[in-house]
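Structural characterization, general
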Amino acid sequence: MTDSIDKGDLAALNASFQAVEARIASACTDAGRERSSVRLLPVTKTVAPARLRAAHALGYAWFGENKVQEAQEKAEALAELAIDWCIIGHLQTNKARHVARFAAELHSLDSLRLAAELDRRLQAEGRAMRVLIQVNTSGEASKAGLAPQDVPAFLRELPAFASLQVRGFMTLAMASDDEARVRGCFRLLRSLREAARQDAPAGLAFDELSMGMSGDFPWAIAEGATIVRVGTALFGERHYA
Ligand SMILES: *Cc1c(COP(=O)(O)O)cnc(C)c1O
């Protein structure tokens, strides 16, 4: 990864952040929501550290990564900046100890085994971490996350893990142009949150709905997203090594 960014790239980055911000603002207006009720999480997988530094200079201080090793390398490369690292991809239990060291937030909690291991490692580090529970709202076999019907029982186990600060839910909608079906995924996540607010154990908070990516974030905002995870629309197409 090169560690420099030229003026043209900087201008393009600036323009794409502004364009996404404008679309978020307009989706909030359309939905009758305050702009401050939605946070943009820039997704930086495959994006070089120099471009993250540029995004940080634009005022963004948290980034989403889906691979632990890549996130860790960037956290080290950018150690002089105050950045909250969010792990948003499926996490294998054996990677929990790495995540416990440096990440601020995990959007992909999807098993009790992972919750237990992460809690244990966090206790050892003397840290806590915000977590969102990933739900498979599309029913697609390729997608990670709890089945919706398994969520209530899962929530009942979470108070045992004192270092996990439960904040809400995350999902990936069906990859489709069909607005009704995509929005149906987002609506399901929101209804799970409403149910959780009524029934869940004390001490857990369910304010966050992390949903919406480059292709569908305006629909997610219409359905109540509080965090939109946007990569391509900010940084361009990803180039995998
Ligand atoms: C890559 C990724 C995103 C961002 O996707 P874009 O379509 O590039 O905006 C969002 N969420 C997760 C979990 C991802 O892995």
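These figures come from a predicted structure and were not determined experimentally.

Quick look at the UniProt feature "modified residue: N6-(pyridoxal phosphate)lysine" (unreviewed entry) in the protein
- The UniProt entry lists Lys 45 under the feature "modified residue: N6-(pyridoxal phosphate)lysine" (unreviewed entry), expressed in the numbering used here.
- According to the relative accessible area criterion, Lys 45 is buried, its value standing at 16%.
- The residues touching Lys 45, leaving out its near neighbours within four places in the chain, are Gly 64, Glu 65, Asn 66, Glu 70, Lys 74, Arg 238 and Tyr 240.

Points about the site of the ligand
- Every residue lining the ligand is accounted for by Val 43, Lys 45, Asn 66, Ile 88, Met 213, Ser 214, Arg 229, Val 230, Gly 231, Thr 232 and Arg 238.
- Contact distances for the ligand include 2.6 Å between an oxygen atom and a side-chain N or O atom of Lys 45.
- Within the side chain of Thr 232, a nitrogen or oxygen atom sits 2.5 Å from an oxygen atom of the ligand.
- Burial of the ligand by the surrounding chains reaches 89%, relative to a free accessible area of 390 Å².
- At a threshold of 2 Å from the grid points, most atoms of the ligand map onto the largest pocket.

As for the packing of aromatic side chains
- If you walk through the whole model with that rule in mind, you get four aromatic pairs.
- Their ring planes at 85° and their centres at 5.7 Å tell us that Phe 17 and Phe 235 sit as a pair that is edge-to-face. Within this pair, whereas Phe 17 is found in helix α1 (residues 7-31), its partner Phe 235 is found in helix α9 (residues 232-235), the two being separated by 218 residues in sequence.
- Judged by its relative accessible area of 2%, Phe 17 falls in the buried class.
- Ring geometry for Phe 63 against Trp 85: centres 6.0 Å apart, planes inclined by 50°, an arrangement best described as tilted. Remark: Trp 85 occurs in strand β3 (residues 84-87) and Phe 63 occurs in strand β2 (residues 62-65); sequence separation between them is 22 residues.
- Relative accessible area serves as the criterion here: at 0%, Phe 63 is assigned to the buried category.
- Taken together, the ring pairs in this structure connect Phe 17, Tyr 60 and Phe 235 into an aromatic cluster.

Topic: the UniProt feature "domain: Alanine racemase N-terminal" (unreviewed entry) in the protein
- Per the UniProt record, "domain: Alanine racemase N-terminal" (unreviewed entry) is annotated on residues 37-238.
- When the span residues 37-238 is considered, its composition is 39% helix and 18% strand, and the gap between its end C-alpha atoms is 28 Å.

Some words on helix α2 (residues 49-57)
- Every buried residue belonging to α2 is among Pro 49, Ala 50, Arg 51, Leu 52, Ala 54 and Ala 55, and all of these are buried.
- Buried residues along α2 sit against α1, β2, α3 (68-77), β3 and α9.
- Two residues or fewer past α2, Gly 59 is found with a positive phi of approximately 115°.

Comments concerning the nonpolar core
- Leu 109, Ile 133, Leu 158 and Phe 169 are the most contacted members of the largest nonpolar core, which has 66 residues in total.
- Ignoring sequence-local partners within four residues, the contact set of Leu 158 consists of Leu 109, Ala 115, Ile 133, Val 166 and Leu 204.
- Core analysis: the next-biggest nonpolar cluster, separate from the first, contains eight residues, Leu 41, Val 43, Met 170 and Ile 227 among them.

What about the pairing of β3?
- Where β2 lies against β3, four bridges are found, and the strand directions are parallel. Counted as the bridge partner of Phe 63 is Trp 85 from β3.
- Viewed along the sheet, the connection from β2 through α3 into β3 turns out right-handed.
- When β3 meets strand β4 (residues 105-109), the two strands line up parallel, connected through two bridges. Bridge pairing in β4 links Cys 86 to Glu 105.
- After leaving β3, the chain enters helix α4 (residues 96-102) and then returns to the sheet as β4, a path that is right-handed.

Procedures and definitions
Residues numbered from 1 in each chain as written. Predicted model: local features only at pLDDT ≥ 70, side-chain atom pairs only at ≥ 80, totals over all residues. Heavy atoms only, no water. UniProt positions renumbered as here; feature names shortened; annotations may be inferred. Buried < 20%, exposed > 50% of the residue type's maximum accessible area, 1.4 Å probe, protein only. Contact = heavy atoms within 4.5 Å. Near = heavy atom within 4 Å. Polar contact = N/O pair within 3.5 Å; in protein donor to acceptor, adjacent residues only side chain to side chain. Areas by Shrake-Rupley, 256 points an atom, 1.4 Å probe, with all protein chains shown as cover. 1 Å grid on protein atoms, 1.4 Å probe; cavity = no way out; pocket = protein on both sides within 12 Å on 5 of 7 lines; lining within 4 Å. Sits in = over half its atoms within 2 Å of the grid points. Phe/Tyr/Trp six-rings, centres within 6.5 Å; stacked < 30°, edge-to-face > 60°. Helix = DSSP H or I, 4+ residues; strand = E, 2+ residues; numbered from the N terminus. Core = buried A, V, L, I, M, F, W, Y, C linked by side-chain atoms within 4.5 Å. Pairing = 2+ DSSP bridges. Right-handed = clockwise from strand over helix to strand, strands pointing away.

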